Amino acid sequence: MSKPNLRSLTIEELSQVLAQMGQPKFRAKQLFTWLAKGASFEQMSNIPAALKEKLGEQFRLTRPEVERRQDASDGTVKFLWKLHDGEYIESVLMRYEYGCTVCVSSQVGCAMGCAFCASTIGGLVRRLEPYEMLDEVLFTQIDSGLPVSHIVLMGIGEPLDNFDN
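Residues numbered from 1 in each chain as written. Predicted model: local features only at pLDDT ≥ 70, side-chain atom pairs only at ≥ 80, totals over all residues. Heavy atoms only, no water.

What follows deals with the overall build of the protein. When helices and strands are tallied, the protein shows four helices and seven strands. Along the chain direction, N to C, the helices and strands of the protein fall in the order α-α-α-β-β-β-β-β-β-α-β. On the principal axes, the C-alpha backbone points of the protein span a range of 55 × 35 × 25 Å. Within the protein, the proportion of its 165 residues that are buried is 41%. Put simply, 53% of the contacts in the protein that link residues at least 6 apart link residues at least 24 apart. Put simply, the protein shows about 9,400 Å² of open surface, and 55% of that area lies on carbon and sulfur atoms. For the protein, the distance from the average site of its 17 positive side-chain charges to the average site of its 21 negative ones is 7 Å. (Helix = DSSP H or I, 4+ residues; strand = E, 2+ residues; numbered from the N terminus. Buried < 20%, exposed > 50% of the residue type's maximum accessible area, 1.4 Å probe, protein only. Contact = heavy atoms within 4.5 Å. Areas by Shrake-Rupley, 256 points an atom, 1.4 Å probe, with all protein chains shown as cover. Lys, Arg positive; Asp, Glu negative; His and termini not counted. Charge placed at Lys NZ, Arg CZ, Asp CG, Glu CD.)

In structure tokens, the structure reads:
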């Protein structure tokens, strides 16, 4: 089994992990701030090298790759993301007068079998981990340069079938 992704941890869980490593309490907020920016271990300039090495032994940090980006004339942007395991999901950034909304996927494929939906054609491949859904929002912001103010769960998959994540 592969190492868990560090971005799937809540700040409370990060605090517990760091406390077990003998780190001061403020490290959790520092680390959480870096994770929320999509930073790699190498980019975390105020985290000690020894701690980054320990974290790297227990956790991984991956980022999705933009496989394809389609920009519409109305400002909508559709992303096809390649995940760490080679699977693909889609996200859509929509611009409105009140802000930007990103539509995120919750699964690779879908098990619901709805006749009107292409997501179900190949069946359910797997449920997305928390960090993967977070990454859709985070890296959509980074790639587009636009702040996301709203999130909808209407991409690939049935969100309530992946409720815990």
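This part is about helix α2 (residues 26–36). Looking only at α2, the buried set comprises Arg27, Ala28, Gln30, Leu31, Trp34 and Leu35. Taken end-on, α2 shows its buried residues confined to a sector of 165°, consistent with a single buried face. Next to the buried residues of α2 lie α1 (11–20), α3 (49–58) and α4 (130–144). At the C-terminal side of α2, glycine 38 shows a positive phi close to 80°. (Arc of directions from axis to C-beta.)

The next subject is the sheet that holds strand β1 (residues 65–71). Strand order in the open sheet formed by five strands is β1-β2-β3-β4-β7, and the pairing between neighbours is mixed. Each edge of the open sheet is held by one strand with a lone partner, namely β1 and β7 (148–152). Going from strand to strand, the sheet's axes swing by 25° on average, the running direction of each strand aside. For β1 and strand β2 (residues 77–82), the ladder comprises six bridges, and the chain directions are antiparallel. What sits directly across from glutamate 65, in β2, is lysine 82. Those strands touched by α4 are β1, β2, β3 (88–96), β4 (99–103) and β7, and its axis lies near 60° from that of β3. (Pairing = 2+ DSSP bridges. Axes fitted to C-alpha atoms, helices over the stretch in contact; angles between N-to-C directions.)

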